[in-house]
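Listed below, chain by chain, are the residues.
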Amino acid sequence: MYIQKAILLALVGVTATVRAQTTDDEGSPLLTPSKPPLTEPYVAPTEPKYNYAEVMHKSYLFYHSQKSGHLPYQRLAWRSHSCKNCIGAHGEDLSQGWYEAANTMKWGLPYGFTATQLAYNIFMFGDAMKSVDELAEGLELMKWGADYLINAHHNDTHFVGQLGVSALGPISKQIELDVDFNYWGPPEEYEDWVPTGLPHTAYYSSADDPASEIAGEYGAAMAATAAIWREYNSTYADELIDHSIRLYKLATEHPGSYVNSSQNAFEWATFWYPSTRYEDEIAWNAGWLYAATKDPQWLDQAKYWYQKSNESWYEYSWDEKGAGMHVLMYGLTKDEFFYNNAVEYFDFFLPGPKQQAKFTPRGLAYVDHWGSVGYSGNIAFLMLAFAKSLGWDHPKSKELTTFAIQQINYALGDYGYSWVVGFGDNYPQMPYHKSSYNAYIDYPMRGRFQDEVEGDFTGSKTKQRFVLYGAVEGGPNIDDTYHDDRTNYEYSEVTQDYNAAWTGAIAGLIDYYGFDKFEPYTDCGLDLGWTHPNASAQPAWPADDCYHTCNKGCPRGQMSSSHSWKMLMNQVNFDGTPITNQKLVSTSNKKSNVTVAGDKSASKAASGTSKSSSGNSSKAIGSALGLVMISFALLF
């Protein structure tokens, strides 16, 4: 073993992965919010303090920065087609959906949670979204995510539990071969520059190698999506329900967790996203099947698995669904049992004798150092959803809404710093996000060794080249201090799940304060990158589109202000021609000739960027050494 490691080190110069540590120096100062903590109990404003319609619009826009696949239209000048070779072992098209964070991974459990939560948002607050013309955007995003899940479900015994390779080798963090985690460029060029040349690979969970939590979460996401989409396409909803039931059957008849899998990909998934249990996801799946079908057998199944997962009742996240089950099931049944469990969970956070949660001095509920703002958003969403189920005037609802408003407003700038990129006067300038820094239309280090690109990305104090609108960053320390840089990424990381329940909480505040307090927000005035010299031509949105433009006069709340929604419902391309099956661009060509999403600009960007023979050599050497590295890594 030691000889093998020595050979590998000598051949390819693999060094230990050193994770960034919190620093406080001139290059990375520890910052403190400009406003002092409250000295008295928090009182929620009776009128909305912030434009929550703007926050929701930008939160949905964040998911466009994460989108994967062949895009039907280009919303951001700096994002185009990607995942061009994402084909499963059985020919499945796995290109759609979205990426996890700064990387291009699709881990099953957090992906499924995000898809379920985005549906849950609409399930609870769809009318509020519709009132500010965001419902069409939410439905479109849901379908993009669910279509990936449909394709990932190969048959009754196999489904894709993960797409992508974060790393190869032993789970020691002393020596391993980072793959996706050592790629620092744009998703559009992943196939060209990824270390080892390894494409996005599909890893399957099965009856013999189970992942009941992923199957349950996928099933929950598809049932929740069906519950919303039935109004617009009943055939699609039926297809989703069929997949959900089959996944539920697989999860229950072949129980087990991916944390016990011997596949190296799932070993790494366990390192980054360790699943605590799977019973709560099975309950979650059954609960959403009941929500979508009203079939009492699913209520019985939901109750059965809910009782078996009682240790999950005190958290709501990508890992634990127990607290979400309290709220969902109470809303569906009005059963006092679920009411009492929900209240017990909320009282852990609410002021009073049962409060046990930690808080920062300025009032942020501090569940975990990683993603503290995201966790508080999850809690805020559940409180608002429960308050709506009770009725906004219910005595308990006053406590719940006050707490939720405090959490959301903290993150939007109550203390002088907004944790939402592109919102407010003082927001993060250097989120830990690769493609908004190294975009395919602005990639100065294209062709350089990836360790050089990484050094620039993590060490440079250069601000993001493009605004990552709507992204919710990780959050502060327990004392409210923080860093705004890419080096200390536990503060500046953005992920799919941080924004998921957060978006629903924002919709909940629009519902709570009243639809008439808000006007629809649009892309008008946003810097989406179209003035960049390498950008393609901006999409020519029609005159009756008021969502992506500065156009006026569209009827409010009728979902007719978005041309992209019409494209989806009428199955037409941007120019109105019928959609045909489009094959993804082959990675054998350096650039696509498809112009819908601006690939001409990529060619222009490449020609305007130094791409020396040494850069091309680095790619060739990297690919050759990659084969050697894979061979040796697999020995460990």
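See above for the structure.
Calculation rules
- Residues numbered from 1 in each chain as written.
- Predicted model: local features only at pLDDT ≥ 70, side-chain atom pairs only at ≥ 80, totals over all residues.
- Heavy atoms only, no water.
- Phe/Tyr/Trp six-rings, centres within 6.5 Å; stacked < 30°, edge-to-face > 60°.
- Helix = DSSP H or I, 4+ residues; strand = E, 2+ residues; numbered from the N terminus.
- Buried < 20%, exposed > 50% of the residue type's maximum accessible area, 1.4 Å probe, protein only.
- Disulfide = S-S within 2.5 Å.
- Salt bridge = Lys/Arg side-chain N within 4 Å of Asp/Glu carboxyl O.
- Contact = heavy atoms within 4.5 Å.
- Axes fitted to C-alpha atoms, helices over the stretch in contact; angles between N-to-C directions.
- Parallel < 35°, antiparallel > 145°, perpendicular 65-115°, else oblique.
- Left-handed = near helix turned anticlockwise from the far one by under 90°.
- Nonpolar A, V, L, I, M, F, W, Y, C, P; charged D, E, K, R; others polar.
- Pairing = 2+ DSSP bridges.
- Polar contact = N/O pair within 3.5 Å; in protein donor to acceptor, adjacent residues only side chain to side chain.
- Core = buried A, V, L, I, M, F, W, Y, C linked by side-chain atoms within 4.5 Å.

Undergrad: Could you clarify how one ought to interpret the packing of aromatic side chains in this entry?
TA: Here the distance between the centres and the angle between the planes together describe a pair of aromatic rings. One pass over the structure, following the stated rule, counts 58 aromatic pairs. Ring centres 5.4 Å apart and planes at 55° place the aromatic pair tryptophan 107 and tyrosine 273 in the tilted group. One end of the pair, tryptophan 107, is in strand S1 (residues 106-107); the other, tyrosine 273, is in the loop between helix H8 (264-272) and helix H9 (279-293), and 166 residues separate them in sequence. Judged by its relative accessible area of 9%, tyrosine 273 falls in the buried class. Judged by centre distance (5.7 Å) and plane angle (90°), the ring pair of tyrosine 232 and tryptophan 565 falls under edge-to-face.

Undergrad: In this structure, what is going on with the state of the cysteines? I would like to understand it.
TA: Cysteine pairs can be covalently joined through their sulfur atoms, and such a bond is termed a disulfide. Counted under the stated rule, the structure contains 3 disulfides. Sulfur-sulfur distance for the disulfide between cysteine 83 and cysteine 86 comes to 1.8 Å. Taking the sign of the torsion about the S-S bond as the criterion, the disulfide between cysteine 83 and cysteine 86, at about -95°, is left-handed. Comparing cysteine 83 with cysteine 86, the two get one shared label, buried. Sequence-ordered numbering of the bonded cysteines in the protein yields a pairing of 1-2, 3-5, 4-6.

Undergrad: Where do I start with the pattern of salt bridges in this structure?
TA: When the charged atoms of two side chains with opposite charge come close together, those side chains can pair. Within this structure, the stated rule accounts for 24 salt bridges. Among the ionic pairs, glutamate 54 bridges to lysine 58, the shortest N-O distance being 2.6 Å. Linking glutamate 54 with lysine 58, this pair stays in helix H2 (residues 52-66), spanning 4 residues, or about one helical turn. A residue is classified by how much of its surface remains accessible, and glutamate 54, at 14% relative accessible area, is buried. Taking the relative accessible area as the measure of exposure, lysine 58 reaches 4% and is therefore buried. For lysine 321, the salt bridge is made with glutamate 281, and the minimal N-O distance between the two is 2.6 Å. Residue lysine 321 is found in the loop between helix H10 (296-308) and helix H11 (322-333), and its partner glutamate 281 is found in helix H9; the two are separated by 40 residues along the sequence. Overall, lysine 321 belongs to the buried group, its relative accessible area being 0%.

Undergrad: Just to check I follow, could you spell out the environment of lysine 143 for this structure?
TA: By the secondary structure assignment, lysine 143 is in helix H4 (residues 135-152). In this structure, the C-alpha to C-alpha distance between lysine 143 and alanine 115, residues 28 residues apart in sequence, is 9.2 Å. Look past the residues within four positions of lysine 143 in its chain and what remains in contact with it is Trp229, Tyr236 and Leu568.

Undergrad: Help me out: how do you make sense of the environment of proline 41 in this one?
TA: Positionally, proline 41 belongs in the loop between helix H1 (2-12) and H2. Along the primary structure proline 41 and glycine 363 are separated by 322 residues, whereas in three dimensions their C-alpha atoms are 9.7 Å apart.

Undergrad: What's the story with the packing of helix H14 (residues 395-412) against helix H17 (residues 496-513) in this structure? I'm lost.
TA: How two helices sit against one another is set out by the angle between their axes and by the gap between those axes. Taken N-terminus to C-terminus, the directions of H14 and H17 make an angle of 120°; their axes are 11 Å apart at the nearest point. Considered as vectors, H14 and H17 are oriented oblique to each other. Seen along the crossing, H14 lies across H17 with a hand that is left-handed. On H17, the residues that touch Thr401, Ile405, Ile408, Ala411 and Leu412 of H14 are Trp502, Ala505, Ile506, Leu509, Tyr512 and Tyr513. When grouped by side-chain class, the residues that make up the contact of H14 with H17 number 10 nonpolar, 1 polar and no charged.

Undergrad: I keep staring at the sheet that holds strand S2 (residues 158-163) and nothing clicks. Help me out?
TA: The strands making up a sheet associate through hydrogen bonds between their backbones, and the pairing can be parallel or antiparallel. Pairing within the open sheet is antiparallel, and its 3 strands lie in the order S1-S2-S5. The sheet is open, and its two edges are formed by S1 and strand S5 (202-206), each paired on a single side. Bridging between S2 and S5 involves 5 bridges; their strand directions are antiparallel. The residue of S5 that forms the bridge with phenylalanine 159 is serine 205.

Undergrad: Can you help me understand the side chain of threonine 503 in this one?
TA: Mapped onto the secondary structure, threonine 503 falls in helix H17. Looking at threonine 503, the relative accessible area reads 0%, which means it is buried. Among the polar contacts listed, one links the side chain of threonine 503 to the backbone oxygen of asparagine 499, at a separation of 2.6 Å. Excluding residues within four positions of it along the chain, threonine 503 makes contact with Met56, Ser59, Tyr60 and Asn121.

Undergrad: Could you clarify how one ought to interpret the nonpolar core in this entry?
TA: Soluble, globular proteins show a tendency: their nonpolar side chains are buried together. Ranked by internal contacts, the top residues of the largest apolar core, which has 173 residues, are Tyr52, Tyr120 and Phe346. Tyrosine 52 has contacts with Ile408, Asn409, Leu412, Ile506, Leu509, Ile510, Tyr513 and Phe518, leaving out every residue within four places of it along the chain. Of all hydrophobic cores here, the second largest spans 9 residues; its members include Trp184, Tyr432, Val453 and Phe457.

Undergrad: Could you clarify how one ought to interpret the pairing of S2 in this entry?
TA: In summary, the side chains of a regular strand alternate between the two faces of the sheet. Among the 6 residues of S2, 5 are classified as buried, and the element is accordingly described as predominantly covered. Sheet topology places S1 next to S2; 2 bridges connect them, and they run antiparallel. Across the sheet, tryptophan 107 pairs through a bridge with glutamine 162, a residue of S2.

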